[in-house]
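The residues making up each chain are set out below.
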Amino acid sequence: MTRARPPLGPGRLLVFGYGLFVVATGSRALVQLATHPGRAPLAYGLSAAAAGIYLAGLVLLGRFERHRRGWLTARALCLIELAGVVAVGSVSLLWPSSFPEPTVWSAYGSGYGFVPVVLPLLALWWLTTSEHRFGHAVPQKGDDERVERVRTFDREPVTARKDG
Amino acid sequence: VIESLAAASALAGVGLAAWAAVAAIKGQFDWRRGLILLGMLQIALLVDAVADVTGLVRGHHPNELATHLAYLIVSLVIGPIVASQIFDDGGRWAAALTAVAGLAVAVVVVRAQTTWRSA
């Protein structure tokens, strides 16, 4: 058996991270809103909103990773996500009484090892440095080498493409 | 949940993450070894899940049942998803994905243990 696709890149890692957070924050918000919604509606609502943003991030980054489409939308979403983490994190530290129970983004996501604040930063870095950022390839140093590597993984003779 | 097996699984997840992180840094990832290690971890997780469900059927009431079940399911799906991604890929990012998966399994198993305890 041979691998019919190019090697993994940072994008797949980010998509995996967003997938984990969709499940983690989504199930948390679902359980909280289903069992005791009145205890901290604002905190639970924010956790649900965070889960929605992670789901949108999963879809948009996954789409960009596979098809190199939707760069602007994905970038806008990551900026919104980062703004949300910073805003909620700051409010939770400056006015702790605002949230009787912690949200996913409280204290910049300390309950999740600060991954919530790191994830959008990594996604923005990846989107910004991506060679396909405007939906078409921007030639970069080492492109020829990368194309060659992908061809090798496809197990397709390089000469066949050049001739055909 | 078998407490000792869950603890061993969490430690194995951390060990897998450390090994894969070193491979990612060196840029030398043996994906076959990665699959074997993931498979061994998966077997431990499956045994633990069977013990978990048996305990539930026998009347154990976890602290937070819904959350506990979510953690249990997530702990079981991470391995197969990552295995399908790293197959035949000896690259740095496949190693990084394995490292993240190992850490994620460790965290999820510990959370599942916490939510398993009775109220």
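Residues numbered from 1 in each chain as written. Chains lettered and ligands numbered in written order. Predicted model: local features only at pLDDT ≥ 70, side-chain atom pairs only at ≥ 80, totals over all residues. Heavy atoms only, no water.

### Focus: the confidence of the model for chain B
Counted only if it meets this: One confidence number per residue, pLDDT, is output by the predictor and ranges from 0 to 100.
When pLDDT is averaged along chain B, the result is 92, and 98% of the positions lie at 70 or above. ipTM for the predicted complex: 0.85, alongside a pTM of 0.81.

### A word on the nonpolar core
Condition: Here the nonpolar core consists of buried residues drawn from Ala, Val, Leu, Ile, Met, Phe, Trp, Tyr and Cys, with membership extended through side-chain atoms lying within 4.5 Å. Any residue under 20% of the maximum accessible area for its type is buried, any over 50% is exposed, and the rest in between are partly exposed; the area is computed with a 1.4 Å probe on protein chains only. Only runs of H or I of at least four residues qualify as helices and only runs of E of at least two qualify as strands under DSSP, and these elements are numbered from the N terminus. What makes two residues a contact is simply this: any of their non-hydrogen atoms within 4.5 Å.
Among the nonpolar cores identified, the biggest contains 32 residues, and A:F16, B:F29, B:I78, B:V82, B:I86 and B:L97 are the most heavily contacted of them. When contributions to this core are tallied by element, the ones reaching two or more residues are α1 (10-35) of chain A together with α1 (3-26), α2 (31-57), α3 (65-86) and α4 (92-116) of chain B. At 12 residues, α4(B) tops the list of elements feeding residues into this core. Leaving out residues up to four positions away in the same chain, B:V82 has contacts with A:F16, B:L38, B:L97, B:T98 and B:A101.

### As for the interface of chain B and chain A
What counts here: Any carboxyl oxygen of Asp or Glu that lies within 4 Å of a side-chain nitrogen of Lys or Arg is treated as forming a salt bridge with it. Between N or O atoms, a polar contact is any pair within 3.5 Å; within protein, one atom must be a potential hydrogen donor and the other a potential acceptor, and residues adjacent in sequence are included only when both atoms are from side chains.
Opposite the 21 residues of chain B that make contact, chain A presents 18 residues. Connecting chain B to chain A are 0 salt bridges. The tally of links between chain B and chain A comes to 2 residue pairs in polar contact (both at pLDDT 80 or more). Of all the secondary structure elements, the ones that give two or more residues to the side of chain B that touches chain A are α3 and α4 of chain B. When residues in the side of chain B that touches chain A are grouped by element, the largest group, 10 residues, is from α3(B).

### Looking at the packing of α3(B) against α4(B)
Residues and elements named next belong to chain B. Condition: Only the stretch in contact is used when fitting a helix axis, every axis being a line fitted to C-alpha atoms; angles between N-to-C directions are given from 0 to 180 degrees. Every angle not falling under 35 degrees, over 145, or within 65 to 115 is termed oblique; those three ranges are roughly parallel, roughly antiparallel and roughly perpendicular. The sense of a crossing depends on the near helix, which, turned anticlockwise from the far helix by less than a right angle, makes the crossing left-handed and, turned clockwise, makes it right-handed. Each residue is assigned to one class: nonpolar for Ala, Val, Leu, Ile, Met, Phe, Trp, Tyr, Cys and Pro, charged for Asp, Glu, Lys and Arg, and polar for all the others, Gly among them.
Taken N-terminus to C-terminus, the directions of α3 and α4 make an angle of 165°; their axes are 9 Å apart at the nearest point. Classified by the interaxial angle, the pair formed by α3 and α4 is roughly antiparallel. α3 and α4 meet at a crossing whose hand is left-handed. Taking contact as the criterion, the partners of T67, H68, Y71, V74, S75, I78, V82, Q85 and I86 in α3 are, on α4, A94, L97, T98, A101, A104, V105, V108, V109, R111, A112, T115 and W116. Of the residues that constitute the contact of α3 with α4, the class distribution is 14 nonpolar, 6 polar and 1 charged.

### Focus: unusual backbone geometry
Residues and elements named next belong to chain A. The backbone phi angle of R68 is positive, close to 60°, even though this residue is not glycine. By the element assignment, R68 lies in the loop between α2 (41-67) and α3 (71-94). Even without a glycine there, the phi angle at A107 is positive, about 50°. Within the fold, A107 resides in the loop between α3 and α4 (115-129).

### Focus: the pattern of salt bridges
All names here are of chain A. Evaluation of the coordinates by the stated rule reveals 3 salt bridges over all chains. The salt bridge partner of E65 is R12, with a shortest N-O separation of 3.1 Å. You can see E65 sitting in helix α2 and its partner R12 sitting in helix α1, a full 53 residues away along the chain. You can call E65 buried: its relative accessible area is 16%. Measuring nitrogen to oxygen at the nearest pair gives 3.2 Å for the salt bridge that ties E101 to R39.

### Some remarks on α2(B)
Residues and elements named next belong to chain B. The cut-off we apply is this: What a helix is expected to span follows from its residue count: subtract one and scale by 1.5 Å.
In a regular helix each residue adds 1.5 Å, so 27 residues correspond to 39 Å; α2 covers 38 Å between its end C-alpha atoms and thus fits that length. Looking at the packing, one finds that the buried side of α2 touches α1, α3 and α4. A distance of 3.2 Å separates the backbone nitrogen of R32 from a side-chain oxygen at the start of α2, and that oxygen is part of D30. Of the residues trailing α2, G59 is marked for its positive phi of about 110°.

### Section: the packing of α2(A) against α3(A)
Residues and elements named next belong to chain A. Contact pair α2 / α3: the axes reach a minimum separation of 9 Å and the direction vectors enclose 155°. The orientation of α2 with respect to α3, classified from their angle, is roughly antiparallel. In this structure, the crossing between α2 and α3 has a hand that is left-handed. Contact residues: α2 offers L46, I53, Y54, A56, G57, L60, L61 and F64, while α3 offers W71, T73, A74, L77, I80, E81 and V88.

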